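Structure at a glance
Below, each chain spelled out in residue letters.
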Amino acid sequence: MATTDESGRPVRDARRERYLLIITALLALLGTGFAAAVLGEPWPGLAAPLGIGLAGQLLASALVAGLPARPDLGLGAVVLVASLLRLIPSPWQHLLAEQAVPWVPVALAWATVRVVECARTPRQLRISAAIAVAHVALAGVLDGLDGTPGSAGTAVLGAATPLLGGLAASLAVRLRRARRDRVAALAREREALAYRARADERQRLAADLHDTLGHLLTLLVLHANALTVSSKEAETRSAAERMSGLGNAGLDELRNILALLDAPAGPASVRPGNRPADDSPETLVARAVEAGQRVELRREGEQPELPPATASTVSRVVQEGLTNARKHAPGSEVRVTLATDDDVLRVTIRNGPGTAEGSGTGSGRGIEAMRRRVGMLGGSCENAAESGGGYAVRVILPLDGAARTDIRDGTWTEPTQ
């Protein structure tokens, strides 16, 4: 949105009008200097009429610029000065007859633009129209008295041309503004349509997740609870209880995802406080170990309390790393390292070669989602195969809220030990 000044006009228009005031003042001085140079001898008392004419031109220009709420008065002042210069015997009369006073057409065009742009009431428009008609009529009458054929028509055309030029310039400016506003309105409309489309897609996705995944997780929990009650073996009951707990945790996570899908798009819709409380790296590693995965968690350096968004991202990075290792390198040893140094947190998940064949290359959606989460916090993410046959995911997250990265040209800089 354009910035406006005290009178409500755009700043760009206010600056343009200041330039026009300077231009009209310079033209008035130029006309006065030209009169003094050319008509000095025939008019011995030249200083007084030229000075009075120059003062009238400057005063009229100041009124046009200084009265944005009364543009009719500005136009009237310009027409009055131009008429007096034409009626009162002086060097200006001869110069106007020779079309050698550049201030008159420029000031008339400027005053007309001000009327079209700034007139606030129909009364101001009617007064301005009457002033313009009177100016054109006076020019035709005075030149018609000369008796020269066609002089009246030429005078009328010469007097009307600046007024019509100002009117055309004003209409061109208004047309350009209307076109710009229309383009902006279309852009806002397209943005609103895209937002509604994204909201509809989120709603559809939420409904699909609720109807499919929610139903399956509920059945899993019910079967696990039934197995806990019916089984007589302690190990089986313990495994069933763990399955029930994981199913309930999955349902809680699903509810959080559905809440995010229902919320408006944007960072403000993410509510880390609604996430399950048991998704810390230690809990994720413990669950993986209980499921038979060989995982070691190491913490290096001072471990400060992380902001909710950073802690949630760290948990998702660890979860994705463990899932990928379990999927693509079954039976491999996994080491999760959380190292803090130089105001950054480095998260590394390394796994060695698997002892069995994995489930394939995967779609890569988990890694891409992890990159987006890390990038939103100003961090860096790298994942690559290790020379020894394993795989590593390396993430750097800033602890002070500023964007930091120690990855250069795809090379990871290890923390100093």
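Residues numbered from 1 in each chain as written. Predicted model: local features only at pLDDT ≥ 70, side-chain atom pairs only at ≥ 80, totals over all residues. Heavy atoms only, no water.

Once that is clear, we can look at the overall build of the protein chain. Within the protein chain, the secondary structure is distributed over twelve helices and five strands. The proportion of buried residues among the 417 residues of the protein chain is 35%. (Helix = DSSP H or I, 4+ residues; strand = E, 2+ residues; numbered from the N terminus. Buried < 20%, exposed > 50% of the residue type's maximum accessible area, 1.4 Å probe, protein only.)

Before going further, it helps to examine the side chain of Ser315. Mapped onto the elements of the fold, Ser315 is located in helix α11 (residues 308-328). Judged by its relative accessible area of 4%, Ser315 is buried. Once residues within four sequence positions are removed from consideration, Ser315 is found in contact with Asp279, Ser280, Pro281 and Leu284. (Contact = heavy atoms within 4.5 Å.)

Next up on the list: the pattern of salt bridges. Throughout the structure, instances matching the rule amount to ten salt bridges. Arg70 is paired through a salt bridge with Asp72; the nearest N and O atoms lie 3.0 Å apart. The partner of Arg177 in a salt bridge is Glu117, with the nearest N and O atoms 2.8 Å apart. Taken together, the residues span a long stretch of sequence, with Arg177 in helix α7 (residues 151-211) and Glu117 in helix α5 (residues 103-118) at a distance of 60 residues. Here the residues in one salt-bridge network are Arg350, Glu382, Glu386 and Arg394, joined through shared partners. (Salt bridge = Lys/Arg side-chain N within 4 Å of Asp/Glu carboxyl O.)

On the surface, Tyr19, Ile22, Ile23, Leu26 and Leu29 cluster together to form a nonpolar patch covering roughly 520 Å² of accessible area. Note that Ile22 resides in helix α1 (residues 11-38). By relative accessible area, which is 49% here, Ile22 ends up partly exposed. (Patch = residues over 30% accessible without salt bridge, like charges linked within 9 Å, V, L, I, M, F, W, Y side chains within 5 Å. Areas by Shrake-Rupley, 256 points an atom, 1.4 Å probe, with all protein chains shown as cover.)

This part covers the packing of α11 against helix α12 (residues 365-376). Between α11 and α12, the least distance of the axes is 10 Å, while the angle of their chain directions is 160°. Classified by the angle between their axes, α11 and α12 sit roughly antiparallel to one another. Regarding α11 and α12, the two cross each other, and that crossing is left-handed. Along its contact with α11, which presents Ser312, Thr313, Arg316, Val317, Glu320 and Asn324, the element α12 presents Gly366, Ile367, Met370, Arg373 and Val374. Of the residues that constitute the contact of α11 with α12, the class distribution is four nonpolar, four polar and three charged. (Axes fitted to C-alpha atoms, helices over the stretch in contact; angles between N-to-C directions. Parallel < 35°, antiparallel > 145°, perpendicular 65-115°, else oblique. Left-handed = near helix turned anticlockwise from the far one by under 90°. Nonpolar A, V, L, I, M, F, W, Y, C, P; charged D, E, K, R; others polar.)

What follows covers the sheet that holds strand β1 (residues 294-300). Read from one edge to the other, the open sheet built from five strands follows the order β1-β2-β3-β5-β4, with strand pairing classed as mixed. Both outer strands of the open sheet, β1 and β4 (380-385), are each paired with one neighbouring strand and no more. Each neighbouring strand pair of the sheet contributes to a mean axis angle of 10°, computed without reference to strand direction. Bridge analysis of strand β2 (residues 333-341) against strand β3 (residues 344-351) gives eight bridges, and the strand direction is antiparallel. The residue bridging Val334 from the neighbouring strand is Asn351, located in β3. Sheet contacts for α11: β1, β2, β3 and β5 (391-398); angle to β3, the most-contacted strand, approximately 10°. Sitting on the sheet, α12 touches β4 and β5, and the angle it makes with β4 is about 155°. (Pairing = 2+ DSSP bridges.)

Residues at a pLDDT of 70 or more form 80% of the protein chain, whose mean pLDDT is 76. Contacts of residues 265-277 to residues separated by more than four positions or lying in other chains number 18 contacts, the stretch itself having pLDDT below 50. Across residues 402-417, where pLDDT falls below 50, the model places 33 contacts with residues more than four positions away in sequence or in other chains. (pLDDT = per-residue confidence, 0-100.)

On to the environment of Ala291. With respect to the helices and strands, the residue Ala291 is situated in the loop between α10 (281-290) and β1. Along the backbone, Ala291 and Ala239 are 52 residues apart, and their C-alpha atoms lie at a distance of 9.6 Å.

In this section: the nonpolar core. Among the nonpolar cores identified, the biggest contains 34 residues, and Leu75, Val78, Val101, Trp103, Val104 and Leu108 are the most heavily contacted of them. Looking at this core, the elements with two or more residues in it are α1, α2 (47-66), α3 (71-87), α4 (91-97), α5, α6 (122-144) and α7. Beyond its immediate sequence surroundings of up to four residues, Leu75 is in contact with Leu108, Ala111, Thr112, Val115, Ser128, Ile131 and Leu163. Counting 22 residues, the second largest nonpolar core, distinct from the first, contains Val295, Val314, Leu338 and Ile367. (Core = buried A, V, L, I, M, F, W, Y, C linked by side-chain atoms within 4.5 Å.)

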